[in-house]
Amino acid sequence: MTKNTLNDLNNHLFAQLERLSDEDLKGEELQEELNRSKAVSDVAKNIVSNGNLILQAHKFKDEQMNADAKLPKMLENKEKWHILNGKINMWNF
């Protein structure tokens, strides 16, 4: 099973931006690329929003100062997030 990271998402977004910058795209091809860009952007927003929700849930759990505190199953994940040099990395445990 492929695991994507936020770095992968960032790469996809910049690749899409490069495709939109192609000055040779005209007419129907340009419209197709615009539609694809909207779809990619919408999915990216949902991924970032979901990651933010998980981060906020973990912050809330940490602030409770209760080692036995449990998150709702919906918000649990088996991934550890780490910020290094301004980049968010994710590891599976």
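A. Here's a closer look at the overall build of the protein. What the protein contains, in helices and strands, is two helices and two strands. Counting helices and strands in the order they occur from the N terminus, the protein gives α-α-β-β. In the protein, buried positions account for 14% of the 93 residues. The contacts in the protein between residues at least 6 apart in sequence include a share of 31% that link residues at least 24 apart.

B. Fine view of the packing of helix 1 (residues 6–20) against helix 2 (residues 27–63). With their axes 10 Å apart at the nearest point, helix 1 and helix 2 run at an angle of 160° to one another. When the axes of helix 1 and helix 2 are compared, the pair comes out roughly antiparallel. In the packing of helix 1 onto helix 2, the handedness of the crossing is left-handed. In this structure, helix 1 contributes Leu 6, Leu 9, Leu 13, Gln 16, Arg 19 and Leu 20 to the contact, and helix 2 contributes Glu 33, Leu 34, Arg 36, Ser 37, Val 40, Ala 44, Ile 47 and Val 48. Partitioning the contact of helix 1 with helix 2 into residue classes produces nine nonpolar, two polar and three charged.

C. Examining the environment of Ser 37 more closely. Along the polypeptide, Ser 37 turns up in helix 2. Residue classification places Ser 37 among the buried positions, given a relative accessible area of 13%.

Rules used throughout
Residues numbered from 1 in each chain as written. Predicted model: local features only at pLDDT ≥ 70, side-chain atom pairs only at ≥ 80, totals over all residues. Heavy atoms only, no water. Helix = DSSP H or I, 4+ residues; strand = E, 2+ residues; numbered from the N terminus. Buried < 20%, exposed > 50% of the residue type's maximum accessible area, 1.4 Å probe, protein only. Contact = heavy atoms within 4.5 Å. Axes fitted to C-alpha atoms, helices over the stretch in contact; angles between N-to-C directions. Parallel < 35°, antiparallel > 145°, perpendicular 65-115°, else oblique. Left-handed = near helix turned anticlockwise from the far one by under 90°. Nonpolar A, V, L, I, M, F, W, Y, C, P; charged D, E, K, R; others polar.

The values are spatial; any link to function lies outside them.
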